[in-house]
Amino acid sequence: MRPTTTHFDIASGNREYTVTATQYLNGIEERRYRVCINENPVCVFGWNEDLQTYRLIYDVRNPQIPQELESVIGRRLFHCDIASVGKAA
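So, here's what we can say about the structure. Source: prediction; values computed, not measured.

About the criteria used
- Residues numbered from 1 in each chain as written.
- Predicted model: local features only at pLDDT ≥ 70, side-chain atom pairs only at ≥ 80, totals over all residues.
- Heavy atoms only, no water.
- Phe/Tyr/Trp six-rings, centres within 6.5 Å; stacked < 30°, edge-to-face > 60°.
- Helix = DSSP H or I, 4+ residues; strand = E, 2+ residues; numbered from the N terminus.
- Buried < 20%, exposed > 50% of the residue type's maximum accessible area, 1.4 Å probe, protein only.
- Disulfide = S-S within 2.5 Å.

## What about the packing of aromatic side chains?
Thought 1: Here the structure, examined in full by the defined rule, presents 3 aromatic pairs.
Thought 2: Relative to Y54, the ring of Y33 lies with its centre 5.2 Å away and its plane at 90°, an arrangement referred to as edge-to-face. You can see Y33 sitting in strand β3 (residues 31-37) and its partner Y54 sitting in strand β5 (residues 53-56), a full 21 residues away along the chain. Each member of the pair, Y33 as well as Y54, is classed as buried.

## Side note on the state of the cysteines
Thought 1: Taken as a whole and judged by the stated rule, the model has 0 disulfides.
Thought 2: Here C36 stays unpaired: no disulfide links it, and the sulfur of C43, its closest cysteine neighbor, is 8.0 Å away.
Thought 3: Residue C36 is classed as buried on the basis of its relative accessible area, which comes to 18%.

Such coordinate-based values are descriptive only and should not be taken to indicate function.
Now the structure itself:
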């Protein structure tokens, strides 16, 4: 899989955010996204099977982001996945 980067703007909690997300596969072939919000340090989103969406993979190095923003980004990444599968077909 060749890494692809997506840029999008979202609104959450009465604030605007610019998001850059780069797709990659981890060592066990699970899709992950390196996500940068408003040019802050990168955090990693991965698929959450229970919630059926992308969620922040918690790590002490991750920046703090509001729960609502995490949910909005997760849904957007899910739609990016659907779009990339459609292009590959």
